Amino acid sequence: MAMSEMFTPLGSVVAGIMCLWAMFQQYFPYELRPHIQKYSQKLVSFVYPYIQITFQEYSADRWRRSEAYVAIQDYLSSDSSSRARRLKADIIKDSQSVALSMDDHEEVTDEFQGVKLWWDSGKSSPKTQIFSFYPASDENRYYRLTFHKRNRDLIVGTYLDHVLKEGKAIAVRKRQRKLFTNNPSQNWYGYKRSVWSHVPFEHPATFKTLAMESKKKEEIVTDLTIFRTRKQYYSKIGKAWKRGYLLHGPPGTGKSSMIAAMANLLNYDIYDVELTSVQDNTELRKLLIETTSKSIIVIEDVDCSLDLTSQRKKKKKEEESKDGPLRMKGKENESKESKVTLSGLLNFIDGLWSACGEERLIVFTTNHVEKLDPALIRRGRMDKRIELSYCCFEAFKMLAKNYLDIDSHNLFPSIERLLGETNMTPADVAENLMPKSITDDPETACLEDLIQAIETTKEEARVKADKEAKEKEEEEERLKKEKEAKEKEEAEEKEKTEEKVKENGVVPAVKENGVVS
């Protein structure tokens, strides 16, 4: 009976408080509520000596994730598994282990220079309730730090800097490099929103395995290494810490492998931008903002990705000249096509928005550099142009070392002579150096296959050249006959005119274009 008697007045107090709170929400003027909350918090501060700092996952505009939130998440995940009771688990590379982090509404303690403080995680929902089939579409997660007010200077001045630096260092140590691709814009909002999708980046290419001249490789490696260490220099000269590379050459010359080797050398992530799925310049800017530092932003085959020149205007005029139904259909297709402009792309790589991150490479690849707009590849935007051409003998020796593990062979002189006479890409050479059967001497078999392939390519090139020469000769002969026929026709017309003059005695008027009227 004693316990029931004790809880009876407590229940009455709780019920009374709930009733008063309901009346406050229902009848108290909305304009006066902020003042009541303000003074009530001051009153509570006299008896509650703790300060709270909240770190939101996204800022108010929700354009990019807070770097402070990410750093705190990494800092807490390093040892939260030994302190928190409820954890979230995620599988990391090769499924060999799991990464643990604090679950929502969980609290852990930390200690810094003898001062005890508390971290808790949570999530907030929007105040405006929206009906949706997808729950928690706009939830915003946060971390909250609680500490005694007498330690304010230590926590704000020293501890938070320690947390951010340590969190970033932990992220670098445990970071698994990723290959990103942009999602269609309809996936950028709502449930499971995501601007970029990614997979682990595990490409094995390095500069040691690239098939190209040693001098050119050393030049590129030196350029990349200098860039990585020039943060203060770029700040001094007033430029964004980024660098543009243009990789151009025929298909199969190793442009994608070059990008992978750059990423492996610098330990950068790769963002592969698919321009055709970007609707307009605003979306392109959004993609740039969502990229991180220490990354390579790649646009492959930029000459084919979008129609960025005056050709778009010509196509638009042609569509406008079509009949009604066809014109309407053309407009529907146009609304679905990307409206990214050359100006938008230039601002993406070299405008004000390009400075929203640091330590980034912007790489364009193309098979036809002559088709690109000069404004797109001028100095300052594409700082370094790298031509990747056909396989030379030095590149072949690198491929032979990689694929067959040999440095010399009695067939090398023949291959050197043939490569000097024939254009063959490193990809085609590498294909012929891969053993296709089990033999006692795979090296000789592969080299013989390569010699045969080069000779075949050489013969095909000769036949193609002969055909083109024959077609050119036939075209010249056709033009010559047309010219002779025209001259003969003009001579006959002139002769008839002269006969008319003799018969009638009247000189016909001659127009400016030489036509007799």
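Conventions used here
- Residues numbered from 1 in each chain as written.
- Predicted model: local features only at pLDDT ≥ 70, side-chain atom pairs only at ≥ 80, totals over all residues.
- Heavy atoms only, no water.
- Buried < 20%, exposed > 50% of the residue type's maximum accessible area, 1.4 Å probe, protein only.
- Helix = DSSP H or I, 4+ residues; strand = E, 2+ residues; numbered from the N terminus.
- Pairing = 2+ DSSP bridges.
- Axes fitted to C-alpha atoms, helices over the stretch in contact; angles between N-to-C directions.
- Parallel < 35°, antiparallel > 145°, perpendicular 65-115°, else oblique.
- Left-handed = near helix turned anticlockwise from the far one by under 90°.
- Contact = heavy atoms within 4.5 Å.
- Nonpolar A, V, L, I, M, F, W, Y, C, P; charged D, E, K, R; others polar.
- Salt bridge = Lys/Arg side-chain N within 4 Å of Asp/Glu carboxyl O.
- Core = buried A, V, L, I, M, F, W, Y, C linked by side-chain atoms within 4.5 Å.

(A) The pairing of strand E4 (residues 107-112), seen in detail. Side chains Val108, Asp110 and Phe112 of E4 all project onto a buried face; the interleaved residues Glu107, Thr109 and Glu111 project onto a face where none is buried. Hairpin connection between E4 and strand E5 (residues 115-124): a loop of two residues separates the two successive antiparallel strands, and glutamine 113 in this loop has a positive phi of roughly 55°.

(B) Here's a closer look at the packing of helix H8 (residues 281-289) against helix H12 (residues 342-350). Between H8 and H12, whose axes approach to 9 Å, the crossing angle comes to 15°. Looking at the two axes, H8 sits roughly parallel to H12. Crossing angle aside, the handedness with which H8 passes H12 is right-handed. On H12, the residues that touch Asn281, Leu284 and Leu288 of H8 are Gly344, Leu345 and Phe348. Within the contact of H8 with H12, the residues separate by chemical class into four nonpolar, two polar and no charged.

(C) How the structure looks around the sheet that holds strand E1 (residues 50-56). Read across the sheet, four strands follow the order E1-E6-E5-E4 without closing on themselves; strand pairing throughout is antiparallel. Taken across any chain shown, the strands that pair with only one partner, and hence form the sheet edges, are E1 and E4. Each strand of the sheet is rotated relative to its neighbour by a mean of 25°, with strand direction disregarded. Pairing of E4 with E5, which is carried by six bridges, proceeds in the antiparallel orientation. Among the inter-strand pairings, phenylalanine 112 is bridged to a residue of E5, identified as valine 115.

(D) Structural context of the pattern of salt bridges. Per the counting criterion, the structure on display carries 19 salt bridges. Arginine 144 is the partner of aspartate 120 in a salt bridge, and the nearest nitrogen-oxygen pair spans 3.2 Å. One end of the pair, aspartate 120, is in strand E5; the other, arginine 144, is in strand E6 (residues 140-148), with 24 residues separating them in the sequence. Between arginine 417 and glutamate 421 there is a salt bridge, with its nearest N and O atoms 3.9 Å apart.

(E) Focus on unusual backbone geometry. The phi dihedral of glutamine 113 is positive, around 55°, even though this residue is not glycine. Given the relative accessible area of 60%, glutamine 113 is considered exposed. Here the phi dihedral of aspartate 301 falls at roughly 50°; this positive angle occurs in a residue that is not glycine. Note on placement: aspartate 301 falls in the loop between strand E11 (295-299) and helix H9 (302-305). Using a relative accessible area of 32% as the deciding quantity, one classes aspartate 301 as partly exposed.

(F) Representation of the packing of helix H15 (residues 426-433) against helix H16 (residues 442-504) in the model. Direction vectors running N to C along H15 and H16 enclose 140°, while the axes themselves pass 8 Å from each other. When the interaxial angle is binned, H15 and H16 end up oblique. In contact with Val429, Asn432 and Leu433 of H15, H16 contributes Cys446, Leu447, Asp449, Leu450 and Ala453. For the contact of H15 with H16, the per-class residue count stands at six nonpolar, one polar and one charged.

(G) View of the nonpolar core. Counting 27 residues, the largest nonpolar core has Phe207, Leu224, Met258, Met262, Ile296, Leu361 and Val363 as the members making the most contacts within it. When residues of this core are traced back to their parent elements, those giving at least two are helix H5 (214-228), strand E9 (242-248), helix H7 (255-266), E11 and strand E12 (360-366). By residue number, the principal contributor to this core is H7, which donates seven residues. Not counting residues up to four positions away in its chain, the partners in contact with methionine 258 are Phe207, Leu210, Met212, Ile220, Leu247 and Leu388.

(H) Structural detail: the sheet that holds E12. As summarised here, the arrangement of the seven strands in space is E8-E7-E10-E11-E12-E9-E13, forming an open sheet in which the pairing is mixed. Every interior strand has two partners, whereas the edge strands, strand E8 (196-200) and strand E13 (384-387), have only one. Shown here is a sheet whose adjacent strand axes are inclined to one another by a mean of 20°, direction ignored. Of the strand pairs in this sheet, strand E7 (residues 178-182) and E8 are connected by five bridges, and their pairing is antiparallel. In the sheet register, lysine 178 faces E8, and the bridge partner there is proline 200. Sheet contacts for H12: E9, E11 and E12; angle to E11, the most-contacted strand, approximately 160°.

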